[in-house]
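Residue-level listing of the chains:
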Amino acid sequence: MVDRLANSEANSKRIGFVEACFGTAGQPLAIPGRVLIGEGVLTKLCRKKPKARQFFLFNDILVYGNIVILKKKYNKQHIIPLESVTIDTVDDEGELRNGWLIKTPTKSFAVYAATATEKSEWMSHISKCVSDLLEKSGKSPTGEHAAVWVPDSEATVCMRCQKMKFTPVNRRHHCRKCGFVVCGPCSEKKFLLPSQSSKPVRVCEFCYKQLSTGASHSDSRHGLEYSSNNGMSDDDDEDDSSD
Ligand SMILES: [Zn+2]
Ligand SMILES: [Zn+2]
């Protein structure tokens, strides 16, 4: 199915349309063998709150951007090579339903579909693309991935010392290793996490100790698999750019 579509006119047209929606700010997307598998609006859990983003699944990359005008204009394009992607289902919680994690070595985040059917379609298509790619390249799945950041709203006090209350003065920070929301004094240290940045990034006291002693166990105090997100300054949300 995928191979049959690869050079079809319809596929080229659709990819051209996606390129046009991103305009000159986007990357060229049409390359030989690339197929647009599907597209749709997903809710991406950002640092402050969930936000609607337009996603495009190709057979080798996942592209998303902010919606300026639906089906007409998108910006802040992000391109994720599928080869490095792992996905994991997320349990429904309150209004956040039909979600899953998209994890990569540099950046990991949760997205939510409108319905359970859409979720299972997205997840199965992504898995299929990833496994086809890995099969073709003979590579094995990426083991390491960046932490999913705990949203700011989930922590009113520091998740490490459990004491410091967050205020406009005592600001929230994110540990790049565990993704916890922590206070300044609990995250004074930086550590080099090469998969995320060429410069040392902010880590919490707990992770710093583990990293510097070479222990690589993940924190078991928190049941969820919240590890660290990227410290990339090109995050798609202006309010995500600080740490
Ligand atoms: Zn603290
Ligand atoms: Zn940490």
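Residues numbered from 1 in each chain as written. Chains lettered and ligands numbered in written order. Predicted model: local features only at pLDDT ≥ 70, side-chain atom pairs only at ≥ 80, totals over all residues. Heavy atoms only, no water.

### Concerning the coordination of the zinc ion (ligand 1)
Applicable threshold: In this analysis a donor is any N, O or S atom within 2.8 Å of a metal ion (3.2 Å for sodium, potassium and calcium), and since water is not included, sites may seem incomplete. Key to geometry: four donors with every angle between 85 and 135 degrees are tetrahedral; four donors are square planar and six octahedral where opposite donors lie over 155 degrees apart and all remaining angles lie between 65 and 115; all other sites are irregular. Segments assigned H or I by DSSP are reported as helices when at least four residues long, segments assigned E as strands when at least two residues long, and all are numbered from the N terminus. Think of it in three bands: with a 1.4 Å probe and only protein chains considered, a residue is buried below 20% of the maximum accessible area for its type, exposed above 50%, and partly exposed in between.
For the zinc ion (ligand 1), the full set of protein donor atoms is Cys158 (SG), Cys161 (SG), Cys183 (SG) and Cys186 (SG), at a range of 2.2 to 2.4 Å. What the 4 donor atoms of the zinc ion (ligand 1) show is an angle range of 101 to 120° at the metal, which sorts the shape as tetrahedral. Linear spacing of the donor residues for the zinc ion (ligand 1) on their chain is C-x2-C-x21-C-x2-C. One end of the pair, Cys158, is in the loop between helix H3 (116-137) and strand E8 (173-174); the other, Cys186, is in the loop between strand E9 (181-182) and strand E10 (190-191), with 28 residues separating them in the sequence. In this structure Cys158 comes out as buried when scored by relative accessible area, which is 0%.

### Digging into the sheet that holds strand E3 (residues 61-69)
Stated precisely, the cut-off is as follows: A strand pair is defined by DSSP finding two or more bridges across the two strands. A fitted line through C-alpha atoms serves as each axis, taken over the contacting stretch for helices, and the angle formed by two N-to-C directions is quoted from 0 to 180°.
If you trace the 7 strands from one edge of the open sheet to the other, you get E4-E3-E2-E1-E7-E6-E5, paired in antiparallel fashion. The strands lining the two open edges of the sheet, one partner per strand, are strand E4 (73-81) and strand E5 (86-90). For this sheet, the mean inter-axis angle between neighbouring strands, taken without regard to orientation, is 35°. Pairing between E5 and strand E6 (residues 99-103): 5 bridges, direction antiparallel. Looking at E6, one finds that Thr86 is bridged to Lys103.

### Observations concerning unusual backbone geometry
Most of the time, phi is negative for any residue but glycine, and the peptide bond is trans. The phi dihedral of Lys71 is positive, around 65°, even though this residue is not glycine. Turning to its location among the elements, Lys71 is positioned in the loop between E3 and E4. You will see that Asn98, though not glycine, has its phi angle at about 60°, which is positive. With respect to the helices and strands, Asn98 occurs in the loop between E5 and E6. Assessed through its relative accessible area of 11%, Asn98 is described here as buried.

### Digging into H3
Because the α-helix completes a turn every 3.6 residues, residues three or four places apart line up on one side. In plain terms, the rule: Expected span of a helix: the number of residues minus one, times 1.5 Å. Think of it as the arc spanned by the lines of direction from the helix axis to the C-beta atoms. Residue contacts are defined here by distance: any two heavy atoms, one from each residue, within 4.5 Å place the two residues in contact.
The terminal C-alpha atoms of H3, which comprises 22 residues, lie 32 Å apart, in line with the 32 Å expected from a rise of 1.5 Å per residue. Here H3 has its buried residues at Lys119, Trp122, Met123, Ile126, Cys129, Val130, Leu133 and Leu134. Taken around the axis of H3, the buried residues stretch over an arc of 135°, which confines them to a single face. Opposite the buried face of H3, at more than 90 degrees from it, the exposed residues are Glu135 and Lys136. On the buried face of H3, the contacting elements are strand E1 (36-45), strand E2 (50-58), E3, E5 and E6. One or two steps after H3, the chain reaches Gly138, where phi turns positive at roughly 75°.

### A few points about the coordination of the zinc ion (ligand 2)
In this structure, Cys175 (SG), Cys178 (SG), Cys204 (SG) and Cys207 (SG) serve as the protein donors to the zinc ion (ligand 2), at separations of 2.3 Å. Seen from the zinc ion (ligand 2), its 4 donor atoms lie at angles of 102 to 118°, and the figure they make is tetrahedral. Here the donor residues of the zinc ion (ligand 2) are spaced in sequence according to C-x2-C-x25-C-x2-C. Of this pair, Cys178 sits in the loop between E8 and E9 while Cys207 sits in helix H4 (residues 205-212); the two residues are 29 residues apart in sequence, bridging distant segments of the chain. The exposure class of Cys178 is buried, given its relative accessible area of 5%.

### Side note on the packing of aromatic side chains
Here is the rule: By convention, a stacked pair of Phe, Tyr or Trp rings (six-membered ring in the case of Trp) has centres within 6.5 Å and planes under 30 degrees apart, an edge-to-face pair has planes over 60 apart, and any other such pair is tilted. Two thresholds decide whether a charge sits over a ring: the Lys NZ or Arg CZ must be within 6 Å of the ring centre and within 35 degrees of the ring normal.
Tallied over the entire structure, the rule returns 8 aromatic pairs. A centroid spacing of 5.7 Å and a plane angle of 70° characterise the contact between Phe56 and Tyr74, whose relative ring orientation is edge-to-face. One end of the pair, Phe56, is in strand E2; the other, Tyr74, is in strand E4, and 18 residues separate them in sequence. For Phe56, a relative accessible area of 2% gives the class buried. Since its relative accessible area comes to 2%, Tyr74 is described here as buried. Members of the aromatic cluster, joined through ring pairs, are Phe55, Tyr64, Trp100, Phe109 and Trp122. Directly above the aromatic system of Phe109 lies the positively charged group of Lys44, at a separation of 4.8 Å from the ring centroid. Note that Lys189 overlies the ring of Tyr208, its terminal NZ or CZ placed 5.0 Å from the centroid.

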